[in-house]
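Below are the chains, spelled out letter by letter.
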Amino acid sequence: MWNYWWRALLVLGALGLAWGSLVNGLAGYYADRVATGDTAMIDHALGWQSEQSATLFLKALQVLPDDAAGGARLLEDAYRANPADPRPLIVLAARSLEDGDIPRSEALIELAGRLAPVDPRVQLAVAAYWGQRGRYDRMLAHWSTTLEADASQRKLLFPDLLKMAESPEYRALLGSTALSPPSWWTDYFRYVARTAVDTDTVRFLYALRRQSAGAPPTPDERAVYVERLQKDGAIAEAYVAWVSGLDETKRRQLGLLYDGGFELPIEGRGFGWRLASNAHFSAEPVATRGSNGRAALRLRFRAFEGPFRHLSQPLFLDAGHYRLSGRVRVDSLASQGGVKWTLSCLLPESKILGEGSRFLGSSDWREFDLYFEVPETCFYQQLALVAGGTRAFEQKLDGTLWLDDLKIARAATIDAAARVDALMRDLAEPGSPSGNGETDATKRSE
């Protein structure tokens, strides 16, 4: 008799487990259908298992437009089924706000934000809530959390943050963020520096950052700030900002030409040396025989073809006469045109101020110089090493060139050869070809 009851209990237990498994399986099946967007399966899923938080949440969204009270109860049921899901709280906060229950609404939204502190979707929803309330300071805080949690949200939020910086009414909200910059700030500042319509927007953000005693502007921030000022023609302001960021070692290399001895790595920033990348060209400071100081600049050409203008430095010179001098060593530079130095005015209009002799072939260390004049109207210049010829066969370069001891100094006047070159350039028609760029004066200086 006992064996009969024992077997009956086992059978009932097995049937119970099978039924539970069936219920869970069907509930899971319908829940999966709902999760993939099949909202017609919501009632089926809840019919098999009524405490599915995600499904209850979706059901509440269906019911709310027609039955606010019933939808609110479903949202509460959804939250009870899964207290870790902040979505029901966000919707309930919005409903409470519509009903005028501000304390409850704020408590719900704050709890939702704490439940998912690194979920960008939740943080964006919480930010939207505070934005709707006109609490832009709290909106900005949740935007910041979103950006730190998910870098991909920068495409979404950086344009809105730019609008905030451009608005005289709201830009002050960025003050606390700038004083203690989060991880996304440098990329944001770079975005503003490159896309803002008004330079004053960039100036404002940089001024905020300079007020931070504990976290002053980074080298990257300063570099993009200087680059924007240079682009907009605020050259004096750009030069001061660049110099203010130099450490003592770099300041020792200051002069009318920066680091003419190539003692420092080339950073390609501010008013320092710039290198354009090319698979057939490289340049770097390297220790070598005959150099003064620790290094000279080695330029290597490997079957280079095309117009060369890959080494340059922007200049901020007053009007007057100047002399560029330096030393060069040529190690088998095979070329019909070689390379040469040019001094150009960049602003307010582009104009060549002087051209030097060509470097090609082979030679030991020797000195060179170039005289030029900066007119009163020119307030931004550039020194560049360029191709010595204009025709394709003249622009082929293969070999090595060394440079050292470059300096720019004031001169009482420019020499006769430089005057001839300047006169010939002035007489040339605008846009006319200049041949290989070689005049009798440059021939004499070779």
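Rules behind the numbers
Residues numbered from 1 in each chain as written. Predicted model: local features only at pLDDT ≥ 70, side-chain atom pairs only at ≥ 80, totals over all residues. Heavy atoms only, no water. Helix = DSSP H or I, 4+ residues; strand = E, 2+ residues; numbered from the N terminus. Buried < 20%, exposed > 50% of the residue type's maximum accessible area, 1.4 Å probe, protein only. Salt bridge = Lys/Arg side-chain N within 4 Å of Asp/Glu carboxyl O. Expected span 1.5 Å × (residues − 1). Core = buried A, V, L, I, M, F, W, Y, C linked by side-chain atoms within 4.5 Å. Contact = heavy atoms within 4.5 Å. Disulfide = S-S within 2.5 Å. Pairing = 2+ DSSP bridges. Axes fitted to C-alpha atoms, helices over the stretch in contact; angles between N-to-C directions. pLDDT = per-residue confidence, 0-100.

## Some remarks on the overall build of the protein chain
Turning to step 1, where the next piece is worked out: Secondary structure summary: the protein chain contains 17 helices and ten strands in total.
Turning to step 2, where the next piece is worked out: The 446 residues of the protein chain split such that 45% are buried.

## Some remarks on unusual backbone geometry
Turning to step 1, where the next piece is worked out: Cis geometry is adopted by the peptide bond preceding Pro-348, which originates at Leu-347 and carries an omega value of 10°.
Turning to step 2, where the next piece is worked out: On the secondary structure map, Pro-348 appears in the loop between strand E6 (339-347) and strand E7 (351-355).
Turning to step 3, where the next piece is worked out: Within the chain, Phe-262 stands out as a residue other than glycine whose phi angle is a positive 55°.
Turning to step 4, where the next piece is worked out: If you trace the backbone, Phe-262 turns up in the loop between helix H15 (248-251) and strand E1 (274-275).
Turning to step 5, where the next piece is worked out: For Phe-262, a relative accessible area of 1% puts it in the buried group.
Turning to step 6, where the next piece is worked out: Although it is not a glycine, Asp-405 sits at a positive phi angle of roughly 60°.

## Quick look at the pattern of salt bridges
Turning to step 1, where the next piece is worked out: Considering all chains together, one arrives at 23 salt bridges under this definition.
Turning to step 2, where the next piece is worked out: For Arg-228, the salt bridge identified is with Asp-232, shortest N-O distance 2.6 Å.
Turning to step 3, where the next piece is worked out: According to the relative accessible area criterion, Arg-228 is buried, its value standing at 6%.
Turning to step 4, where the next piece is worked out: Asp-232 sits in the partly exposed class, given a relative accessible area of 34%.

## A look at helix H4 (residues 68-81)
Residue pairs spaced three or four apart in an α-helix point in one direction, given the helix's 3.6 residues per turn.
Turning to step 1, where the next piece is worked out: Given a rise of 1.5 Å per residue, 14 residues ought to cover 20 Å, and the 20 Å separating the end C-alpha atoms of H4 matches this to within 8%.
Turning to step 2, where the next piece is worked out: Taken together, the buried positions of H4 are Gly-70, Gly-71, Ala-72, Leu-74, Leu-75 and Ala-78.

## A word on the nonpolar core
Turning to step 1, where the next piece is worked out: The biggest cluster of nonpolar side chains holds 60 residues, and the ones touching the most others in it are Trp-143, Leu-161, Leu-174, Tyr-188, Phe-189 and Leu-205.
Turning to step 2, where the next piece is worked out: Setting aside residues no more than four positions away along its own chain, Tyr-188 makes contact with Phe-158, Leu-161, Leu-162, Ala-165, Leu-174 and Leu-205.
Turning to step 3, where the next piece is worked out: Core analysis: the next-biggest nonpolar cluster, separate from the first, contains 37 residues, Phe-308, Leu-343, Phe-359 and Leu-370 among them.

## With respect to the state of the cysteines
Turning to step 1, where the next piece is worked out: Scanning all chains against the criterion turns up one disulfide.
Turning to step 2, where the next piece is worked out: The partner cysteine of Cys-345 in its disulfide is Cys-378, sulfur to sulfur 2.2 Å. Taking the sign of the S-S torsion, 120° for the link of Cys-345 and Cys-378, the bridge is right-handed. Of the two residues, Cys-345 is situated in strand E6 and Cys-378 in the loop between strand E8 (361-374) and strand E9 (380-387); the sequence distance between them amounts to 33 residues. The same class applies to Cys-345 and to Cys-378, which are both buried.

## Focus on the sheet that holds E6
Turning to step 1, where the next piece is worked out: Strand order in this open sheet of five strands is E1-E4-E9-E6-E7, and the pairing throughout is antiparallel. Sheet topology places E1 and E7 at the edges, where each strand pairs with a single neighbour.
Turning to step 2, where the next piece is worked out: Pairing of E1 with strand E4 (residues 311-315), which is carried by two bridges, proceeds in the antiparallel orientation. Of the residues in E4, the one forming a bridge with Leu-275 is Leu-311.

## Quick word on the pairing of strand E3 (residues 296-304)
Turning to step 1, where the next piece is worked out: As paired elements, strand E2 (residues 281-286) and E3 share six bridges and run antiparallel to each other. What sits directly across from Ser-282, in E3, is Arg-300.
Turning to step 2, where the next piece is worked out: Pairing analysis gives six bridges linking E3 to strand E10 (residues 397-410), with the strands arranged antiparallel. Within E10, the residue paired with Phe-301 across the bridge is Gly-399.

## Examining the sheet that holds E3
Turning to step 1, where the next piece is worked out: Here we have five strands laid out as an open sheet, ordered E2-E3-E10-E5-E8, and antiparallel in their pairing. The sheet is open, and its two edges are formed by E2 and E8, each paired on a single side. Sheet twist, expressed as the average angle between the axes of neighbouring strands with direction ignored, equals 25°.
Turning to step 2, where the next piece is worked out: Note: strand E5 (residues 320-334) against E8, eleven bridges, orientation antiparallel. Note on E8: the bridge partner recorded for Gly-320 is Val-374.

## A word on the confidence of the model for the protein chain
Turning to step 1, where the next piece is worked out: When the pLDDT values of the protein chain are averaged, the result is 84; 80% of them are 70 or greater.
Turning to step 2, where the next piece is worked out: Confidence drops under a pLDDT of 50 for residues 8-35, and excluding neighbours within four residues, the segment shows 20 contacts in the predicted structure.
Turning to step 3, where the next piece is worked out: Throughout residues 44-50 the model reports pLDDT below 50, and contacts reaching past four residues in sequence, or to other chains, amount to 18 contacts.

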